[in-house]
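Summary of structural features
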Amino acid sequence: MGRPGPQLALEIQYAVQCRRDEGLSKTFQTVVTQVVRFLATTTVTSLLDQDEDAWRAQIGRPASKNGTPRASLIYARRTVEDLVDAGGWEAEYPRDVWQLRRLGFPGQQTLTFQEIPQPWLRVLVKRWVRWRLGTGLGLEAVRHGLRALTRLARFCERIGVTTMAGGKRVVLGHYLADLQAGMTGHASVCISGS
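Residues numbered from 1 in each chain as written. Predicted model: local features only at pLDDT ≥ 70, side-chain atom pairs only at ≥ 80, totals over all residues. Heavy atoms only, no water.

1. Topic: the confidence of the model for the protein chain
On average, residues of the protein chain score 81 in pLDDT, and 85% of them are at 70 or above. The spread of mean pLDDT over the elements of the protein chain runs between helix 8 (residues 169-184), the lowest at 70, and strand 2 (residues 110-112), the highest at 94. (pLDDT = per-residue confidence, 0-100. Helix = DSSP H or I, 4+ residues; strand = E, 2+ residues; numbered from the N terminus.)

Here is the structure:
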């Protein structure tokens with residue numbers, strides 16, 4: 001059996017060091033050995049050569065009392081990806097899916113702006129969400145606001161509002177009626193145009 005290439009070896013070493021520095025969970029030698037042996041059987045040169053789903057499908061779930069090689073491999077890939085894509089707000093802000101761990105939030109949480117079809121509105125919503133996060137507002141409250149604005153964006157697309165100038169007072173009235181109808185389960189009347 002061969003060894004992982006130099007890039008893969010460095011990536012695994014980096015991930016093990018990050019796990020140790022975090023001090024949140026122990027990294028077992030047997031699990032790292034299983035990951036290294038698995039990677040030695042592949043033809044990839046970097047953990048980033050494949051996405052998480054591809055790695056999950058390949059490594060499976062071998063039984064282990066000390067953790068799973070699969071989880072360790074996914075952790076290592078995310079750690080390397082974060083190193084490559086690091087840069088705080090300057091790097092994360094332009095993306096349509098924000099990986100909140102890169103902004104200092106715990107876990108694998110994300111905020112997505114992909115469902116806002118209007119580019120001009122997406123820019124404004126991102127600015128607003130960043131401001132709200134910066135004020136220390138809780139993440140769940142920020143998510144609620146983002147969901148509300150995403151719903152408004154879809155409504156505007158449905159009725160043909162394509163510019164900020166098209167968002168007149170009458171559109172807001174129709175949106176609020178549609179929102180109430182959606183929340184109460186009654187059918188709403190959708191008016192085309194603005």
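2. A short note on the nonpolar core
Ile12, Phe38, Leu39, Leu47, Trp55 and Leu73 are the most contacted members of the largest nonpolar core, which totals 16 residues. Residue assignment for this core shows that the elements contributing at least two residues are helix 1 (6-22), helix 2 (29-40), helix 3 (52-59) and helix 4 (69-85). Sort the elements by how many residues they give to this core and helix 4 lands first, with five residues. Setting aside chain neighbours within four positions, we find Trp55 in contact with Phe38, Leu39, Thr42, Val44, Ser46, Leu47, Gln50, Leu73, Ile74 and Arg77. By size, the runner-up hydrophobic cluster in this structure holds 14 residues, among which are Phe113, Leu121, Leu133 and Leu146. (Core = buried A, V, L, I, M, F, W, Y, C linked by side-chain atoms within 4.5 Å. Buried < 20%, exposed > 50% of the residue type's maximum accessible area, 1.4 Å probe, protein only. Contact = heavy atoms within 4.5 Å.)

3. Some remarks on the packing of helix 1 against helix 4
Where helix 1 contacts helix 4, the axes come no closer than 9 Å and their chain directions differ by 95°. As summarised for this structure, helix 1 and helix 4 are arranged roughly perpendicular, according to the angle between their axes. Facing helix 1, whose interface residues are Glu11, Ile12, Tyr14, Ala15, Cys18, Arg19 and Glu22, helix 4 presents Tyr75, Ala76, Thr79, Val80 and Leu83. Class assignment of the residues belonging to the contact of helix 1 with helix 4 gives a composition of eight nonpolar, one polar and three charged. (Axes fitted to C-alpha atoms, helices over the stretch in contact; angles between N-to-C directions. Parallel < 35°, antiparallel > 145°, perpendicular 65-115°, else oblique. Nonpolar A, V, L, I, M, F, W, Y, C, P; charged D, E, K, R; others polar.)

4. Points about the environment of Tyr175
With respect to the helices, strands and loops of the structure, Tyr175 is situated in helix 8. Here Tyr175 falls in the buried class, since its relative accessible area comes to 7%. Placed 23 residues apart in sequence, Tyr175 and Leu152 show a C-alpha to C-alpha distance of 7.1 Å. Residues contacting Tyr175, with those up to four places away along its chain left out, are Ala148, Arg151, Leu152 and Phe155.

5. Observations regarding the packing of helix 3 against helix 4
Angle between the axes and distance between the axes are the two parameters that describe a pair of packed helices. In the contact formed by helix 3 and helix 4, the axes pass within 10 Å of each other and the chain directions differ by 155°. With respect to their mutual orientation, helix 3 and helix 4 come out roughly antiparallel. In the packing of helix 3 onto helix 4, the handedness of the crossing is right-handed. Where helix 3 abuts helix 4, its residues Glu52, Trp55, Arg56 and Ile59 lie against Pro69, Arg70, Leu73, Ile74, Arg77 and Arg78. (Left-handed = near helix turned anticlockwise from the far one by under 90°.)

6. Remarks on the side chain of Arg143
Here Arg143 lies in helix 7 (residues 139-159). With a relative accessible area of 19%, Arg143 lands in the buried category.

7. Some thoughts on the pattern of salt bridges
Evaluated as defined, the whole model comprises 13 salt bridges. We note a salt bridge from Arg78 to Glu52, for which the minimum N-O separation is 2.7 Å. Of this pair, Arg78 sits in helix 4 while Glu52 sits in helix 3, placing them 26 residues apart in sequence. In this structure, Glu81 and Arg101 form a salt bridge, with 3.4 Å as the shortest nitrogen-oxygen distance. Placement of Glu81 in helix 4 and of Arg101 in the loop between strand 1 (97-99) and strand 2 is noted, with a sequence separation of 20 residues between them. By the burial criterion, Glu81 is buried, and Arg101 matches it. A single network of salt bridges, built from pairs that share partners, joins Arg77, Glu81, Glu92, Arg95, Arg101 and Arg102. (Salt bridge = Lys/Arg side-chain N within 4 Å of Asp/Glu carboxyl O.)

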